[in-house]
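The residues making up each chain are set out below.
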Amino acid sequence: MQKELLKKKRRYWLIGLVMIVFLMLLIATAVSLGAMNLGFNKSWRILLKSLYPADPLIFKANEIAVVWDIRLPRIICGVLIGMGLAAAGVIFQGLLHNPLADPYTLGVSTGAAFGASLAIFWNITMGTQFSIMLMAFIFAFLTLLTVIAIAKRGGGILSNNLIIAGIIVSAILSSGVSFLKMMAGEEVGAIVFWLMGSLVAKTWQEVWILSIIVLSSIAVAFVFANDLNILALGERNAESLGVNIKRTNLLYLILGASLTAVCVATGGIIGFIGLIVPHMLRFWLTADHRVLLLLSALMGGIILSLADNIARLLPMGEIPVGVLTTLVGGPFFIYVFMHH
């Protein structure tokens, strides 16, 4: 038994290490790809020159800007958003005892979408400068508070109550987004493009915000992952084993909502990452949330980074990455579900 556990641990460590190496190679390759053909060697000489100025080669200002200010922030944002959505998927699937739950189940993403649409609408019609990211984040948490309040009134923060409350709130907010799109008239394209999910024009400021919230939320979720494992045994068993169910539920609701809110606020609606990745790894590897959380985060970063690179390098022109993940993720999930 002990040997079997040790063997499994080594296997998980090896898989994690392979994922990290692949992710690093993916980032290194992606920096050199794009409309301006700089090549792998030149792109990395530009990066290293900024870190080690001893490099004698002189690069053009626009080449440095393309690598440091356009490509690298976008690539890192893609990795972090993929990590955040996949980790949020693990949290919500574990918390709601539902393998088909995802970061969008409780309507948090719809709240973020409504907040972003409202900011875009005001900016277009009133000439204001509301922060789309901030508005999306605020409305995501207002949505979570509303869902918790409705669930409590409906009999407590149980998984079924939370899902039902999430569906109700999400439907109302979806109607609000549709109303804003109608009111935007000819400028509706700005709202529609954001809702499709895109990593275009990401900045270092967004990289730092994502890094702080995504990495710290995953770290906290990992520290208390044993409680999530015990919750999977049922609330009565968990309580008898000393788990504070209310506190654990609230902690993970906040962590899951934080991850979803910051990812949606930065990249728009990017579907299926948070549903497919945890579901696949749980089926193929393990249901242990400590392992699942970290491996899902790595796999989510890889998949979204791959999808974004494909989306921006298509010969017919760039498409929003959210469209690509849904187009590929939908049929793939049907296949996985039917061969479960």
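Everything quoted here is computed from the prediction, not taken from an experiment.

Caption draft 1: Local environment of the overall build of the protein chain. A tally of helices and strands in the protein chain yields 14 helices and zero strands. Ordered by position from the N terminus, the helices and strands of the protein chain form the series α-α-α-α-α-α-α-α-α-α-α-α-α-α. In terms of its C-alpha atoms, the protein chain occupies a principal-axis envelope of roughly 65 × 60 × 35 Å. Burial analysis of the protein chain (340 residues in total) assigns 50% to the buried set. Contacts spanning at least 24 positions in sequence make up 76% of the contacts within the protein chain whose residues lie at least 6 apart. Looking at the protein chain as shown, the accessible area adds up to about 16800 Å², and 70% of this sits on carbon and sulfur atoms. Charge centroids of the protein chain, computed over 22 positive and 14 negative side chains, lie 9 Å from each other.

Caption draft 2: Highlighting the pattern of salt bridges. Going through the model one piece at a time under the given rule, you end up with three salt bridges. Linking Arg290 and Asp288 is a salt bridge whose minimum nitrogen-to-oxygen distance equals 2.9 Å.

Caption draft 3: Region of the structure containing the nonpolar core. Core analysis: the largest hydrophobic core is formed by 99 residues, its most contacted members being Ile81, Val214, Ile218, Tyr252, Leu253 and Ile270. Top contributing element to this core by residue count: helix H3 (residues 61-95), with 17 residues.

Caption draft 4: Focus on unusual backbone geometry. The phi torsion at Ala201 lies on the positive side, around 55°, for a residue other than glycine. Mapped onto the secondary structure, Ala201 falls in the loop between helix H7 (188-196) and helix H8 (204-223). What makes Ala201 exposed here is its relative accessible area of 63%. One non-glycine residue, Phe272, adopts positive backbone phi at about 75°. Structurally, the position occupied by Phe272 is in the loop between helix H11 (245-267) and helix H12 (273-284).

Caption draft 5: Seen up close, a nonpolar patch on the surface. On the surface, a nonpolar cluster with roughly 400 Å² of combined accessible area is contributed by Val220, Phe222, Val223, Phe224 and Leu294. Considering each element in turn, the nonpolar patch owes the most residues, three residues, to H8. As for its placement among the helices and strands, Val220 is situated in helix H8.

Caption draft 6: Inspection of H7 at higher detail. All buried positions along H7 are accounted for by Ile191, Trp194 and Leu195. Viewed end-on, H7 has its buried residues packed into an arc of 100°, placing them on one side of the element. Close packing links the buried residues of H7 with helix H4 (108-126), helix H5 (132-153), helix H6 (159-184) and H11. Gly197 sits one or two residues past H7 and shows a positive phi near 85°.

Caption draft 7: Fine view of the packing of helix H1 (residues 2-30) against helix H13 (residues 289-313). Between H1 and H13, the least distance of the axes is 10 Å, while the angle of their chain directions is 25°. The orientation of H1 relative to H13 falls into the category roughly parallel. Helix-helix and strand crossings are classified by hand; for H1 and H13 the assignment is left-handed. Contact residues: H1 offers Tyr12, Ile15, Gly16, Met19, Ile20, Phe22, Leu23, Leu26 and Ala30, while H13 offers Val291, Leu295, Leu298, Met299, Gly301, Ile302, Ser305, Leu306, Asn309 and Arg312. Of the residues assigned to the contact of H1 with H13, the class counts are 14 nonpolar, four polar and one charged.

Caption draft 8: Broad picture of the side chain of Thr248. Relative to the helices and strands, Thr248 resides in helix H11. Each residue touching Thr248, except ones within four places of it in the same chain, is listed here: Asp227, Leu231 and Val243.

Caption draft 9: Focus on the packing of H4 against H5. Packing of H4 against H5 brings their axes to within 7 Å, and their N-to-C directions diverge by 140°. Taken together, the axes of H4 and H5 lie oblique to each other. In this structure, the crossing between H4 and H5 has a hand that is right-handed. Residues Val108, Gly111, Ala112, Phe114, Gly115, Ala116, Leu118, Ala119, Ile120, Trp122 and Asn123 of H4 form the contact with H5, whose participating residues are Ile132, Met135, Ala136, Phe139, Ala140, Thr143 and Leu144. Here the residues of the contact of H4 with H5 sort into 14 nonpolar, four polar and no charged.

Caption draft 10: Expanded view of the confidence of the model for the protein chain. Chain-level statistics for the protein chain give a pLDDT mean of 84 and a share of 94% at 70 or above. Taken element by element, the predicted model of the protein chain shows its lowest mean pLDDT in helix H2 (residues 40-51) (72) and its highest in H8 (94).

What counts as what
Residues numbered from 1 in each chain as written. Predicted model: local features only at pLDDT ≥ 70, side-chain atom pairs only at ≥ 80, totals over all residues. Heavy atoms only, no water. Helix = DSSP H or I, 4+ residues; strand = E, 2+ residues; numbered from the N terminus. Buried < 20%, exposed > 50% of the residue type's maximum accessible area, 1.4 Å probe, protein only. Contact = heavy atoms within 4.5 Å. Areas by Shrake-Rupley, 256 points an atom, 1.4 Å probe, with all protein chains shown as cover. Lys, Arg positive; Asp, Glu negative; His and termini not counted. Charge placed at Lys NZ, Arg CZ, Asp CG, Glu CD. Salt bridge = Lys/Arg side-chain N within 4 Å of Asp/Glu carboxyl O. Core = buried A, V, L, I, M, F, W, Y, C linked by side-chain atoms within 4.5 Å. Patch = residues over 30% accessible without salt bridge, like charges linked within 9 Å, V, L, I, M, F, W, Y side chains within 5 Å. Arc of directions from axis to C-beta. Axes fitted to C-alpha atoms, helices over the stretch in contact; angles between N-to-C directions. Parallel < 35°, antiparallel > 145°, perpendicular 65-115°, else oblique. Left-handed = near helix turned anticlockwise from the far one by under 90°. Nonpolar A, V, L, I, M, F, W, Y, C, P; charged D, E, K, R; others polar. pLDDT = per-residue confidence, 0-100.

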